[in-house]
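Given next are the chains, with one letter for each unit.
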Amino acid sequence: MINNLKIFKALVLLIFGINNIFCQSAEEILIKAQEKSLILTDSYYKFKIESKLDNPILPITGELFTRGEKYFIDTKYIDQIYDGENIFTIVHENQEIIIGNSDIPLFNFTPYQLLIFFKEDHKLDFISNSKEYIIRATNLDDGIIYLISINSLNYSIEKIEMKDSSSNQVINTFLTLTYDYNLSVPLSLFKFDINKYKNYTIVK
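Predicted model only: the values in this text are computed from it and were never measured. (Residues numbered from 1 in each chain as written. Predicted model: local features only at pLDDT ≥ 70, side-chain atom pairs only at ≥ 80, totals over all residues. Heavy atoms only, no water.)

### Structural notes on the environment of Tyr 155
- Looking at the secondary structure, you find Tyr 155 in the loop between β9 (144–151) and β10 (157–164).
- Given a relative accessible area of 7%, Tyr 155 falls into the buried group.
- On a C-alpha basis, the gap between Tyr 155 and Lys 32 in space is 7.3 Å, while along the polypeptide they are 123 residues apart.
- Not counting residues up to four positions away in its chain, the partners in contact with Tyr 155 are Gln 24, Ile 29, Lys 32, Ala 33, Lys 36, Tyr 133 and Ile 150. (Helix = DSSP H or I, 4+ residues; strand = E, 2+ residues; numbered from the N terminus. Buried < 20%, exposed > 50% of the residue type's maximum accessible area, 1.4 Å probe, protein only. Contact = heavy atoms within 4.5 Å.)

Below is the structure:
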């Protein structure tokens, strides 16, 4: 009798747990992922962006370091630093540094920025719940659909597919290769140092 009672309690907890997961809306999952991205200390992504279309800089592999809203993106062609006030985009091929403030981002790339983009400008649908949450974000104006895969344990972005809604063809894919957090990243990584780019032209 005691064993049957334990089994019954376990089933009740499992059922309520599953119901709670499915009750989460797509927007709630994005909000939670956004909150997680800000509270983590020194998170790190190694990523890859691929394209089915001709693109001179893709595929590209890079690294992303974040601390709250501050970030540093390191790729072969373009680096970007946000120090909490200004965004510095370093274009290596042209040896240019484009300086702007946070209100006019040129490269909406961090998990926090991506999640804001999807929440504000897209219709969201929750289409899958297994080891990862899959959310469909549809922009009715430009005919683009994004499939966003979010890890169900740590709420990190694992993959984003950009698709054409009419043909259903995948255009671009963002893939997280490595993810870690609570690291010891020097603060200097999120500060722009002009001395590192002596031959570069500054554009404001």
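### What about the packing of aromatic side chains?
- Using the criterion set out here, one finds 14 aromatic pairs in the structure.
- Ring geometry for Tyr 133 versus Tyr 155: centroids 5.7 Å apart, planes at 45 degrees, classification tilted. With Tyr 133 in strand β8 (residues 132–139) and Tyr 155 in the loop between β9 and β10, the pair connects residues that are 22 residues apart, well separated along the chain. Residues Tyr 133 and Tyr 155 agree in their burial class; the two are buried.
- An aromatic cluster is defined as three or more aromatic residues linked by ring pairs; in this entry it consists of Phe 88, Phe 192, Tyr 197 and Tyr 200. (Phe/Tyr/Trp six-rings, centres within 6.5 Å; stacked < 30°, edge-to-face > 60°.)

### Concerning the confidence of the model for the protein
- Scored by pLDDT, the protein comes out at a mean of 79, with 83% of its residues at no less than 70.
- Confidence, read as mean pLDDT per element, is least for helix α1 (residues 2–23) in the protein (37) and greatest for strand β4 (residues 78–82) (91).
- In the predicted structure, residues 1–23 sits below a pLDDT of 50 and forms five contacts with residues beyond four places in sequence or in another chain. (pLDDT = per-residue confidence, 0-100.)

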